[in-house]
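Below are the chains, spelled out letter by letter.
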Amino acid sequence: MSDKFLNLYRITSARANWWNYGNGIYFITTNTYNRERFFSEIINGEVKLLACGEVLKETWERLPGFFSYISIDDFVIMPDHFHGIIMINQTPGEEVIIDNQVFEPNPGYSSEKMSEIALKAGPLARVVGTFKSMVTRKARKINKQFKWQERFYDRIIRDENGLFAAREYIRMNPLKWEIDSPR
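J.: Help me understand the overall build of the protein in this model?
T.: What the protein contains, in helices and strands, is four helices and ten strands. Helices and strands appear in the protein in the N-to-C order β-β-β-β-β-α-β-β-β-β-α-α-β-α. In the protein, which comprises 183 residues, the share counted as buried stands at 46%. A fraction of 69% describes how many contacts in the protein between residues 6 or more apart in sequence connect residues 24 or more apart. Approximately 10,300 Å² of the protein is accessible, and the part contributed by carbon and sulfur atoms is 49%.

J.: Looking at this structure, I do not really get the pattern of salt bridges. What am I missing?
T.: Once their charged atoms are close, side chains differing in charge can pair, the charge on each being opposite to the other. If you walk through the whole model with that rule in mind, you get five salt bridges. Linking K57 and E61 is a salt bridge whose minimum nitrogen-to-oxygen distance equals 3.1 Å. Taken as a pair, K57 and E61 lie in helix α1 (residues 51-66) at a separation of four residues, close to a single helical turn. The class of E61 is partly exposed, set by a relative accessible area of 41%. A salt bridge links D73 to R167; its shortest N-O distance comes to 2.7 Å. Separated by 94 residues along the polypeptide, D73 in strand β6 (residues 70-77) and R167 in helix α4 (residues 160-180) bring together distant segments of the chain.

J.: Honestly, the environment of H81 in this entry has me stumped. Any pointers?
T.: Along the chain, H81 falls in strand β7 (residues 81-88). You can call H81 buried: its relative accessible area is 6%. The spacing of H81 and R35 is 46 residues in sequence and 7.4 Å in space, taken between C-alpha atoms. At a separation of 2.7 Å, a polar atom in the side chain of H81 contacts the side chain of D80. In terms of polar contacts, H81 uses its side chain to reach the side chain of N173, at 3.3 Å.

J.: Can you walk me through α1 in this structure?
T.: The end-to-end C-alpha separation of α1 is 22 Å, in line with the 22 Å expected for 16 residues at 1.5 Å each. W60 marks where α1 bends most, by close to 25 degrees; the proline P64 follows one to four residues later. Listing the buried residues of α1 in full gives C52, G53, V55, L56, T59, W60 and L63. Buried residues along α1 sit in contact with β3 (24-31), β5 (46-49), β6, β7 and α3 (123-142).

J.: Looking at this structure, how should I read the pairing of β3?
T.: Each regular strand shows side chains that alternate between the opposite faces of the sheet. The buried fraction of β3 is high, at seven of eight residues. Inspection of the sheet shows β3 paired to β7 by eight bridges, in the antiparallel sense. The partner of T30 across the bridge, within β7, is F82. Examined bridge by bridge, β3 and strand β10 (residues 153-157) share five bridges and lie antiparallel to one another. Its bridge partner being in β10, I25 is matched across the sheet by I157.

Conventions and cut-offs
Residues numbered from 1 in each chain as written. Predicted model: local features only at pLDDT ≥ 70, side-chain atom pairs only at ≥ 80, totals over all residues. Heavy atoms only, no water. Helix = DSSP H or I, 4+ residues; strand = E, 2+ residues; numbered from the N terminus. Buried < 20%, exposed > 50% of the residue type's maximum accessible area, 1.4 Å probe, protein only. Contact = heavy atoms within 4.5 Å. Areas by Shrake-Rupley, 256 points an atom, 1.4 Å probe, with all protein chains shown as cover. Salt bridge = Lys/Arg side-chain N within 4 Å of Asp/Glu carboxyl O. Polar contact = N/O pair within 3.5 Å; in protein donor to acceptor, adjacent residues only side chain to side chain. Expected span 1.5 Å × (residues − 1). Bend = angle between axes of the 7 residues up to and from the residue. Pairing = 2+ DSSP bridges.

Laid out in structure tokens, this is it:
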């Protein structure tokens, strides 16, 4: 990619250029800005959702109703990040209508350029962008400071072993929090 973002610096894509990000199974992670703890508390390895975490959970669980081509699997809502497994089963249309609002492709991005980049990345970026936008809209009614870190991390799950490993990571994440937590 030779374009510069905001004419300041070059952002190279974290996406695999050999994959179209359509049909497949993906392990995704997205973080809050500055790793602020909006979503949950971990107490003795158990996740206790805060109000913004409840919003995230409800939104994630509702996604398949808005995107007929996806299904969701295991997920965990950590204090400052979210891990989930998403399965994409077909190619989407161009817009999504949620709660009588039309969401253009990738509304979770802060600029037209980032939306354009995400649209080229395929259905996965579209779903995650919409998910982040929906969570933001509702979470800011609870805490005006809520903000996501830009972008998200994904890993393509290629087989049953990869799916098992992703599920195990999700299940173990709260137990590791108290050991690995930076604060």
